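The chain contents come next:
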Amino acid sequence: MNTMTKQPILVVGAGITGVSAALEAAETGCDVILVEREPAIGGRVLRNHNYFPKLCPPACGMEINTRRLERNSRVRVLTNTRVTEANAGADGWSVKLASAPAYVNDRCTGCGECAKVCPAKVPDPHNLGMNETTAIRSPHVDAWPTTYTLDRSACPADCKACVEACKYEAIDLNASAKDETVSASSVVVATGWHPYPLEKLTELGGGELKNVIANVNMERMVAPTGPTEGKILKPSNGEPPKKVAFVQCAGSRDVNHLPYCSAVCCLASLKQAIYVREQLPEAEVTIYYIDRRAPGRNEDVLTRVAEMDGVKLVKGKVGKIEQGQGDGLKLRLEDVEAGQIVETEADMVVLATGMVSNLVNGDLPMNLTKDEDNFGLDSLEQKVIVAGVARRPEDVAACVRDATGAAAKSVIAARRA
Ligand SMILES: Cc1cc2nc3c(=O)[nH]c(=O)nc-3n(C[C@H](O)[C@H](O)[C@H](O)COP(=O)(O)OP(=O)(O)OC[C@H]3O[C@@H](n4cnc5c(N)ncnc54)[C@H](O)[C@@H]3O)c2cc1C
Ligand code: SF4
Ligand code: SF4
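Model, not experiment: these values are computed from the prediction.

Participant: How do you make sense of the site of ligand 2 when you look at a structure like this?
Facilitator: Surrounding ligand 2, one finds 14 residues, the nearest of these being Cys 108, Cys 111, Glu 113, Cys 114 and Cys 166. The residue makeup of the shell around ligand 2, split by class, is ten nonpolar, three polar and one charged.

Participant: Please explain the environment of Arg 297 as it appears in this structure.
Facilitator: Mapped onto the secondary structure, Arg 297 falls in the loop between strand S15 (284–289) and helix H7 (299–306). Owing to 11 C-beta atoms within 10 Å, Arg 297 belongs among the exposed residues under this scheme. As a C-alpha pair, Arg 297 and Phe 52 span 245 residues in sequence and 9.9 Å in three-dimensional space.

Participant: Please clarify how the domain arrangement of the protein should be interpreted in this entry.
Facilitator: Where interface size is given, it is often the accessible area lost as the parts come together that is meant. Looking at the assigned domains, one finds that the protein contains domain 1 (9–100 + 177–193 + 356–415) and domain 2 (197–353). Between domain 1 and domain 2, the C-alpha centre-to-centre distance is 31 Å. Taken together, the contacts link twelve residues of domain 1 with 19 residues of domain 2. In terms of residue class, the side of domain 1 that touches domain 2 is built from five nonpolar, three polar and four charged.

Participant: I keep staring at the pairing of strand S1 (residues 9–12) and nothing clicks. Help me out?
Facilitator: If a strand is regular, its side chains alternate between the two faces of the sheet. The side-chain alternation of S1 yields two buried faces, one formed by Ile 9 and Val 11 and the other by Leu 10 and Val 12. Here S1 pairs with strand S11 (residues 186–189) via four bridges, running parallel. Across the sheet, the residue bridging to Ile 9 is Ser 186, located in S11. When S1 meets strand S2 (residues 32–35), the two strands line up parallel, connected through four bridges. Note on S2: the bridge partner recorded for Leu 10 is Ile 33. Note on the crossover from S1 through helix H1 (residues 16–27) to S2: the handedness is right-handed.

Participant: How do you make sense of the sheet that holds strand S4 (residues 81–89) when you look at a structure like this?
Facilitator: Spatially, the three strands line up as an open sheet ordered S4-S5-S10, and their pairing is antiparallel. Looking along the sheet, the strands with just one partner apiece sit at the ends: S4 and strand S10 (178–184). Taken over all neighbouring pairs, the strand axes of this sheet differ in orientation by 20 degrees on average, direction set aside. Relative to S10, strand S5 (residues 92–99) runs antiparallel, the two sharing seven bridges. What sits directly across from Ala 98, in S10, is Asp 179.

Conventions and cut-offs
As a convention, each chain's residues are numbered from 1 in the sequence order in which they are written. Naming scheme: in the order in which they are written, chains are lettered from A and ligands are numbered from 1. Given that the model is predicted, a residue must reach a pLDDT of at least 70 before its local features are reported, and side-chain atom pairs must reach 80 or more before they are shown or counted; all residues, however, enter totals for whole chains, interfaces and linings. Residues are counted as near a molecule or strand when the C-beta atom, derived from backbone positions, lies within 6 Å of that molecule or strand. The nonpolar class holds Ala, Val, Leu, Ile, Met, Phe, Trp, Tyr, Cys and Pro. Asp, Glu, Lys and Arg form the charged class, and all remaining residues, Gly among them, are polar. Per the convention used, a helix needs a DSSP run of H or I reaching at least four residues, while a strand needs a run of E reaching at least two, with both numbered from the N terminus. Counting other C-beta atoms within 10 Å of its own, a residue is labelled buried from 20 upward, exposed at 12 or fewer, and partly exposed in the gap between, with every C-beta atom placed from the backbone. Domain delimitation in this document rests on an assignment produced automatically or drawn from a domain database. Here, residues touch in the contact sense if the C-beta positions derived from the backbone fall within 7 Å of one another. Two strands are said to pair when DSSP picks up at least two bridges between them. For a crossover, the right-handed case is the one in which the path from the first strand over the helix to the second runs clockwise, viewed with the strands pointing away from the viewer. Interaxial angles span 0 to 180 degrees and are taken between N-to-C directions of axes, which are lines fitted to C-alpha atoms, for helices over the stretch in contact.

This is the structure in structure tokens:
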């Protein structure tokens, strides 16, 4: 029995923040509904190859959470589900949820026979569209639930190859969408972020020059299940780069793009410099930065990279990237310490693009209080708590701390008259 609150607590977004908040609220005795719009939980963290400060695979931490979820019957997890309407009342919230058709049901064992025969190809969303995958597939190797997902819009008319291949009768190509209305004592918003679009950084060659990629693409490239099976390769010709430049604050702390600091991009580039040097010991790495922000125990990563052979840290703001000789790149920057404008070259550039709040695009139809950068603010009166990157850009450790606070605050808000 739910002993803590009259109605369940609703958590929107099942990234590391939402999953942690849902589990902690449930472990205090509350019923929780955890809503995720994607087919699997875990959010953006699972797109990272390793994560700082320890540089371990993020799937380990998430696996501990999925075990906790499996053991805790208080959390109802709804994937492929969105909030379509939310109305506040005296006792909490009435929320309409829309779940996409379950073309593959929970009889699915993950055997993979359907994907082997599927003729339809789609850009792989887990790998940020850098490669193709089949219309029916596992969302990714660490996906939970493990049920396959199906992109029905990609299927040719009359194809039933997957249904015929499935021994478990787990596929229903005619499944329909489901709507339901739930009551919630309070709501935790943990909707996270998306990367600032590379294409908006035209002055840095984003979206135009093939060998200019974003930090999020680098994470997928270096992952063994990524588009290049873990190899760091120049998109122009599939060869390993010899000179890699990381451009910090690409579009961040810039009134023309994102006026704020995303708090993790310095650490992300330092981590990625380690990836490059470990895989390509001959490659030269230069990190162009305005400030080096590595607070707390993350400073160890900065010290480790600063001491590495083959890595240079240059205090300079890169203002322009253009095509150089062949498929090379020409960078124009202000070298702050030398006090001059200089030109330099690289054969691959990684732009440290920032994090944009998912509350920017109106995907969550709730009347939320937001700051000027579209990050959400708590409203105990409205019984809404905002946590993780939905609240402000931060790393995983801070998100998990935030989630614990959000779980406690959501119970307090739920119990307030
Ligand atoms: C290049 C890069 C590298 C990084 N590397 C590290 C690292 O090494 N170590 C580290 O600590 N941090 C790292 N970070 C930061 C880390 O990714 C974030 O701290 C983390 O993703 C935040 O988790 P979250 O749960 O708040 O948000 P997210 O991971 O974005 O999860 C939000 C979830 O909510 C879902 N959602 C969104 N809107 C809705 C909606 N309307 N309805 C239902 N569901 C919704 C999303 O689908 C998603 O599953 C890195 C960031 C970048 C950019
Ligand atoms: S849908 Fe059927 S064939 Fe496909 S992975 Fe699941 S059980 Fe196997
Ligand atoms: S019906 Fe769709 S998912 Fe199934 S095999 Fe055909 S194309 Fe693939």
